[in-house]
Amino acid sequence: MPKHKFQLSIDHWTEIRELPGSWPITRLKAVLDILEYDDPISDDEVIEITQMLLEDLGPRRAAEVVLEVVFGNQMSPGVRQNIADDLQEVEPWAQHATVSQQSGIFTTLVLLQRAMPRFFGEPEAVQFQLQIHTAAPEAQGWLTESVNPGLVIRLLAQGMDPEATLNRLYEDEIKGDWFPNARDILWCVSKIDADHYSIISSLHWMAPLEDRSNWAATASIDRVAR
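Residues numbered from 1 in each chain as written. Predicted model: local features only at pLDDT ≥ 70, side-chain atom pairs only at ≥ 80, totals over all residues. Heavy atoms only, no water.

Turning to unusual backbone geometry, a few remarks are in order. Phi is positive for His 12, close to 55°, though the residue is something other than glycine. Note that His 12 resides in strand E1 (residues 4-16). Using a relative accessible area of 58% as the deciding quantity, one classes His 12 as exposed. Positioned with a positive phi, Glu 36 is a non-glycine residue whose angle comes to about 55°. Here Glu 36 is to be found in the loop between helix H1 (25-34) and helix H2 (43-57). (Helix = DSSP H or I, 4+ residues; strand = E, 2+ residues; numbered from the N terminus. Buried < 20%, exposed > 50% of the residue type's maximum accessible area, 1.4 Å probe, protein only.)

Our next topic: the packing of aromatic side chains. A complete count under the given rule lists six aromatic pairs for this structure. Judged by centre distance (5.1 Å) and plane angle (80°), the rings of Trp 93 and Phe 106 are edge-to-face. You can see Trp 93 sitting in helix H5 (residues 92-95) and its partner Phe 106 sitting in helix H6 (residues 102-115), a full 13 residues away along the chain. This pair shows no difference in class: Trp 93 is buried, exactly as Phe 106 is. A centroid spacing of 5.9 Å and a plane angle of 50° characterise the contact between Tyr 170 and Trp 205, whose relative ring orientation is tilted. One end of the pair, Tyr 170, is in the loop between helix H9 (165-169) and helix H10 (171-175); the other, Trp 205, is in helix H12 (residues 203-206), with 35 residues separating them in the sequence. Each member of the pair, Tyr 170 as well as Trp 205, is classed as buried. Aromatic rings pair up to connect Trp 93, Phe 106 and Trp 187 into one cluster. Residue placement shows Arg 27 over the ring face of Trp 23; its charged tip is 5.2 Å from the ring centre. (Phe/Tyr/Trp six-rings, centres within 6.5 Å; stacked < 30°, edge-to-face > 60°. Lys NZ or Arg CZ within 6 Å of the ring centre and 35° of its normal.)

Pairing in this open sheet of five strands is antiparallel, and the strands run E3-E4-E2-E1-E5 from one edge to the other. Two strands close off the open sheet at either side, each with one partner strand: strand E3 (186-193) and strand E5 (214-219). Averaged over all pairs of adjacent strands, the angle between their axes in this sheet comes to 30°, without regard to strand direction. As paired strands, E1 and strand E2 (residues 125-133) are joined by eight bridges and run antiparallel to one another. Bridged to Asp 11 within E2 is Gln 129. Together, E1, E2, E3, strand E4 (196-202) and E5 form the strand contacts of helix H7 (residues 137-144), whose direction differs from that of E1 by roughly 30°. (Pairing = 2+ DSSP bridges. Axes fitted to C-alpha atoms, helices over the stretch in contact; angles between N-to-C directions. Contact = heavy atoms within 4.5 Å.)

Time to look at the pattern of salt bridges. The full count for this structure, using the stated rule, is 11 salt bridges. Salt-bridge contacts for Asp 43 lead to Lys 29; the nearest nitrogen and oxygen are separated by 3.3 Å. Of this pair, Asp 43 sits in helix H2 while Lys 29 sits in helix H1, and the two are 14 residues apart along the sequence. Glu 68 is the partner of Arg 80 in a salt bridge, and the nearest nitrogen-oxygen pair spans 3.9 Å. In this pair, Arg 80 is assigned in helix H4 (residues 77-84) and Glu 68 in helix H3 (residues 59-71), connecting sequence segments 12 residues apart. Residue Arg 80 is classed as buried on the basis of its relative accessible area, which comes to 10%. (Salt bridge = Lys/Arg side-chain N within 4 Å of Asp/Glu carboxyl O.)

Below is the structure:
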């Protein structure tokens, strides 16, 4: 794929404690279903009752239950049992080897921390706006189309030090034209307009950009998936 030049800047850098819409009433009720709680309650009571029941279970069993709701069949009971204790570590989502599951680990921690703050640390992610400019007509077309995660990650990575975690672990993908994990690193990414993206990700990946105001980058979009 051809590469083009871009000018990048970051605005509205904010640390957040929850991904938008990650614990709606329906998902909380799924926790209650696993716990076989069927007493009639109002929607206003769901979060309080859910947290109380999880606290009664204790941290390990509560972690298994919440993981089951978040991941369903994507995570086996054995894996849930194996990582339940790890969720009490600092930033366990960042230590989780399966990148596609890191945002789910973060979401799991949100509910567990609310129910048992003595056992689980408060999760932190980052939300910011990425402003992108390019003079190349083809690259302008890339920005007006749907979000291309590979392009966004390549642009972000070039604003970081070469020794940043993202650059060290994904050197080939950043230099190349195929980045299958890009979509998993960008937990939430949406277009505000042709020049602005709203991005949510882990501080594990994005912390090197916290004090970065602007930079130049040369990058391409991902080629079509094989």
